[in-house]
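Structure at a glance
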Amino acid sequence: ISLSEVVTGCLSSEYPRAMFTFEMPTDESDEILTDPGLLSLIVSNALQNAADASRPLAPEEGQVLISTGISENSFWLAISNRFVGAAFDLDSVAASGRTSKIGHRGLGTRVMHLAAGRLGYKVELRAVGSTANFMLRGKRYG
């Protein structure tokens, strides 16, 4: 499947498209061999987290940057956004299900962590200095 198509397919209509900035290569194939359902779980949760965290900010500060890269054997997806709150990393939020969002159970990061493990991908999430950075890395062909 196309990595960029998965990313754009996971964008919720709940958020304005102008909120997202894309840096995805268009001059080469970005196809990867993966489980589309598990990858979509990871990407949709990561995008929702970034958009929800950016929503309280002014539009010029609330941009979510989405970038992808492909090599012969691997791929990566990065999502960066500004947010208001305390610093954290994936291990601290995935293990506890901690969330600052009202009406959320705090299970999205745990789902991402489990799905990435099942696929053999590495997922990182770190928020420091009002910027959250999510990174997903994996083998391109399983």
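Scroll up a little and you will see the structure.
Residues numbered from 1 in each chain as written. Predicted model: local features only at pLDDT ≥ 70, side-chain atom pairs only at ≥ 80, totals over all residues. Heavy atoms only, no water.

Structural notes on helix 4 (residues 108-119)
Our working rule: Helix and strand definitions follow DSSP, with helices as H or I runs of at least four residues and strands as E runs of at least two, each counted in order from the N terminus. By definition here, a helix of n residues has an expected span of 1.5 Å times n minus one.
Counted at 1.5 Å a residue, the expected span for helix 4 with its twelve residues is 16 Å, and the 17 Å between its end C-alpha atoms agrees. After helix 4 finishes, the residue G120 shows a positive phi value of roughly 80°.

Quick look at unusual backbone geometry
Our working rule: Burial classes: relative accessible area under 20% of the type maximum marks a residue as buried, over 50% as exposed, and values in between as partly exposed (1.4 Å probe, protein chains only).
Even without a glycine there, the phi angle at S130 is positive, about 70°. In this structure, S130 sits in the loop between strand 5 (122-128) and strand 6 (131-139). Classification of S130 by relative accessible area gives partly exposed; the value is 29%.

Observations regarding the sheet that holds strand 2 (residues 64-70)
Here is the rule we go by: Two strands qualify as a pair provided that DSSP identifies no fewer than 2 bridges between them.
The six strands lie next to each other as 1-2-3-6-5-4, forming an open sheet whose pairing is mixed. Bordering the open sheet on either side are strand 1 (20-23) and strand 4 (88-89), each of which pairs with just one other strand. As paired elements, strand 1 and strand 2 share four bridges and run parallel to each other. Paired with F22 across the bridge in strand 2 is I66.

Digging into the packing of helix 2 (residues 36-54) against helix 4
Note the threshold: With axes taken as lines fitted to C-alpha atoms, and helix axes fitted only over the stretch in contact, angles between N-to-C directions fall between 0 and 180 degrees. The handedness criterion is simple: a crossing whose near helix is rotated anticlockwise from the far helix by less than a right angle is left-handed, and one whose near helix is rotated clockwise is right-handed. Note on definitions: a residue-residue contact is assigned when non-hydrogen atoms from the two residues lie within 4.5 Å.
Contact pair helix 2 / helix 4: the axes reach a minimum separation of 9 Å and the direction vectors enclose 150°. The handedness of the crossing between helix 2 and helix 4 is left-handed. Contacts between helix 2 and helix 4 involve L38, L39, L41, I42, N45, A46 and N49 from the first element and G108, T109, V111, M112, A115, A116, R118 and L119 from the second.

Structural notes on the pattern of salt bridges
Side chains that differ in sign of charge can pair as their charged atoms come close. Short version of the rule: The salt bridge definition used is simple: a Lys or Arg side-chain nitrogen within 4 Å of an Asp or Glu carboxyl oxygen.
Counted under the stated rule, the structure contains two salt bridges. Put simply, R55 and E14 hold a salt bridge, and the shortest N to O gap is 3.6 Å. Separated by 41 residues along the polypeptide, R55 in the loop between helix 2 and strand 2 and E14 in the loop between helix 1 (3-9) and strand 1 bring together distant segments of the chain. Overall, the relative accessible area of 42% leaves R55 in the partly exposed class. Notably, a salt bridge pairs K122 with E124, separated by 3.7 Å at the nearest N-O pair. The partly exposed category is assigned to E124, whose relative accessible area is 33%.

Focus on the nonpolar core
Within soluble globular proteins, side chains that are nonpolar generally end up buried alongside one another. The condition is simple: Put simply, buried Ala, Val, Leu, Ile, Met, Phe, Trp, Tyr and Cys residues joined by side-chain atoms within 4.5 Å make one nonpolar core.
Membership of the largest hydrophobic core comes to 31 residues, with the highest contact counts inside it found for F20, I66, I79, F134 and L136. Residue contributions to this core peak at seven residues, all from helix 2. Non-local contacts of I66, meaning those with residues more than four positions away in its chain, are made with V7, L11, F20, T21, F22, E23, M24, L47, L77, A78 and I79.

Things to note about the pairing of strand 5
The side chains of a regular strand alternate between both faces of the sheet. Side chains V123, L125 and A127 of strand 5 all project onto a buried face; the interleaved residues K122, E124, R126 and V128 project onto a face where none is buried. When strand 4 meets strand 5, the two strands line up antiparallel, connected through two bridges. Across the sheet, the residue bridging to F88 is A127, located in strand 5. With seven bridges joining them, strand 5 and strand 6 adopt antiparallel strand pairing. Residue A127 lies in a different strand from strand 6, and its bridge partner there is A132.

Comments concerning the packing of aromatic side chains
What counts, and what does not: Only Phe, Tyr and Trp rings are paired, with Trp represented by its six-membered ring, and only when their centres lie within 6.5 Å; those with planes under 30 degrees apart are stacked, over 60 edge-to-face, the remainder tilted.
For the structure on display, the rule yields one aromatic pair. Judged by centre distance (5.1 Å) and plane angle (85°), the rings of F75 and Y121 are edge-to-face. Of the two residues, F75 sits in strand 3 (residues 74-82) while Y121 sits in the loop between helix 4 and strand 5, which places them 46 residues apart along the sequence.

Worth remembering: the numbers are spatial, not functional.
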